[in-house]
Amino acid sequence: MTQLSIVYYSHFRGATERLAQAVARGAAEVPDTDVALIPVDAVDGAWQRLHASDAIVFGTPTYIGGVAARFKEFVEKLAGEVWLERMWVNKVAGGFTVSAGRSGDKLACLQQLATYAAQMGMLWVPVRITGGNYSSAGSEDDLNRMAGYLGVMAQANIDEGPDKAPPPSDIATAELHGHHIAQVTRQFAHGRRQHPADYDRFATSAPRAERAPRTLPELLAE
Ligand SMILES: Cc1cc2nc3c(=O)[nH]c(=O)nc-3n(C[C@H](O)[C@H](O)[C@H](O)COP(=O)(O)O)c2cc1C
């Protein structure tokens, strides 16, 4: 089995949670894929799962042109042992975001997510299809209607609940991206286990103890 985990934060209207569920559905369609949905609030009970995952997908709403603060709190927990020991090197990564505006500065948010993955040495997977809704023949019903490539860009009207927003085209785009990331993960994880690099010491090792990773101040105090 390959393991794919989705760590996400959703608060205002539950829009990001709907996208996370869509990414999970798409990923679960790929054979031999075990999927876990982890809200950031539950991350401290899920470290073992995250360390053992072949892929970790990041999801956050765009708040004030960037990643939501609570999601960033999770990322800063990585800025110690996980970063220093390169514990997540060569894990597959990807991301999604949603905002009320068509742009809403979602690109800045996805760039931040990709940078977090890069700092951990993870391998970022872009959206595999071209952008939609780019000509007079296009519409809001197109897959990838926001034409995002770095990750899924969804849009949710600020006055609508998660039953309506984001619309079906964005949900389907998130499903497609989850499926693609899981497919790439399956291909890569099998090869990685068969041909681990000499620096790839976490590729085949047993999952680590279930505890929060040590932070930089804790490491420096040892
Ligand atoms: C604190 C806050 C900041 C926001 N900042 C932006 C923004 O910069 N751009 C934008 O288009 N929408 C912004 N929004 C709207 C949210 O991105 C949008 O409602 C999103 O769907 C919320 O996702 P959630 O329901 O999963 O929390 C903001 C909403 C909140 C509550």
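Here, every reference points to the structure presented above.
All of these numbers come straight from a predicted model, not from anything done at the bench.

K.L.:
Summarise the overall build of the chain; cite the residues concerned and give the values.
P.N.:
When its secondary structure is counted, the chain shows 7 helices and 7 strands. Overall, the chain shows an N-to-C arrangement of helices and strands of β-α-β-α-β-β-α-α-β-α-β-β-α-α. Its C-alpha atoms give the chain a radius of gyration of 17 Å, within 12% of the compact-globule value 17 Å for 222 residues. Sorting the 222 residues of the chain into buried and exposed places 49% on the buried side. The contacts of the chain with a sequence gap of at least 6 include a subset with a gap of at least 24, amounting to 78%. Accessible surface for the chain amounts to roughly 10,300 Å². Of this, 54% is attributable to carbon and sulfur atoms.

K.L.:
With reference to specific residues and values, describe the nonpolar core.
P.N.:
Counting residues in hydrophobic clusters, the biggest one holds 33 residues, and the most contacted among them are V7, L50, F58, F71, F74 and W88. Elements represented by at least two residues in this core include exactly β2 (33–39), α2 (47–52), β3 (55–63), α3 (69–76) and α5 (106–119). Membership of the second largest hydrophobic core comes to 25 residues, among which are A15, L19, I171 and I181.

K.L.:
I'd love a proper account of unusual backbone geometry, names of residues and values included.
P.N.:
Residue P166 is reached from A165 by a cis peptide bond, and omega for that bond is 0°. Residue placement: P166 occurs in the loop between β7 (152–155) and α6 (168–194). A positive phi is found at D32, a non-glycine position, where the angle reads about 60°. Turning to its location among the elements, D32 is positioned in the loop between α1 (15–28) and β2. The class for D32 is partly exposed, based on a relative accessible area of 40%.

K.L.:
With reference to specific residues and values, describe α5.
P.N.:
Taking 1.5 Å as the rise per residue, α5 with 14 residues should run 20 Å; its terminal C-alpha atoms sit 20 Å apart, in good agreement. Of the positions making up α5, those classed as buried are K106, C109, L110, L113, A114, Y116 and A117. Projection of α5 onto a plane perpendicular to its axis shows the buried side chains occupying an angular sector of 155°, all on one side.

K.L.:
Help me get a handle on a nonpolar patch on the surface, residues and values and all.
P.N.:
Together, W83, L84, L216 and L220 give the surface a local cluster of nonpolar side chains, amounting to about 400 Å² of exposed area. Listing elements by their share of the nonpolar patch, those giving two or more residues are α4 (81–84) and α7 (216–221). Within the secondary structure, W83 is located in helix α4.

K.L.:
With reference to specific residues and values, describe the packing of α1 against α6.
P.N.:
Where α1 meets α6, the axes come as close as 6 Å, and the angle between the chain directions of the two elements is 45°. The orientation of α1 relative to α6 falls into the category oblique. Seen from above, α1 lies across α6 with right-handed handedness. Within the contact between the two elements, α1 uses R18, L19, A22, V23, R25, G26 and A27 and α6 uses D170, I171, A174, E175, G178, H179 and A182. Its residues placed into classes, the contact of α1 with α6 shows 7 nonpolar, 3 polar and 4 charged.

K.L.:
Go over the packing of aromatic side chains with me, naming the residues and quoting the values.
P.N.:
Here the structure, examined in full by the defined rule, presents 5 aromatic pairs. Each ring, one from F58 and one from F74, has its centre 6.2 Å from the other, and the planes form 70°; the classification is edge-to-face. Note that F58 is positioned in strand β3 and F74 in helix α3, a separation of 16 residues in sequence. Like F58, the residue F74 is buried in the burial classification. Through pairs of rings, three or more aromatic residues link up here, namely W47, F58, F71 and F74. One residue, R13, lies across the ring of F12, its end atom 5.5 Å from the ring centre.

What counts as what
- Residues numbered from 1 in each chain as written.
- Predicted model: local features only at pLDDT ≥ 70, side-chain atom pairs only at ≥ 80, totals over all residues.
- Heavy atoms only, no water.
- Helix = DSSP H or I, 4+ residues; strand = E, 2+ residues; numbered from the N terminus.
- Rg over C-alpha atoms; globule rule 2.2 N^0.38 Å.
- Buried < 20%, exposed > 50% of the residue type's maximum accessible area, 1.4 Å probe, protein only.
- Contact = heavy atoms within 4.5 Å.
- Areas by Shrake-Rupley, 256 points an atom, 1.4 Å probe, with all protein chains shown as cover.
- Core = buried A, V, L, I, M, F, W, Y, C linked by side-chain atoms within 4.5 Å.
- Expected span 1.5 Å × (residues − 1).
- Arc of directions from axis to C-beta.
- Patch = residues over 30% accessible without salt bridge, like charges linked within 9 Å, V, L, I, M, F, W, Y side chains within 5 Å.
- Salt bridge = Lys/Arg side-chain N within 4 Å of Asp/Glu carboxyl O.
- Axes fitted to C-alpha atoms, helices over the stretch in contact; angles between N-to-C directions.
- Parallel < 35°, antiparallel > 145°, perpendicular 65-115°, else oblique.
- Left-handed = near helix turned anticlockwise from the far one by under 90°.
- Nonpolar A, V, L, I, M, F, W, Y, C, P; charged D, E, K, R; others polar.
- Phe/Tyr/Trp six-rings, centres within 6.5 Å; stacked < 30°, edge-to-face > 60°.
- Lys NZ or Arg CZ within 6 Å of the ring centre and 35° of its normal.

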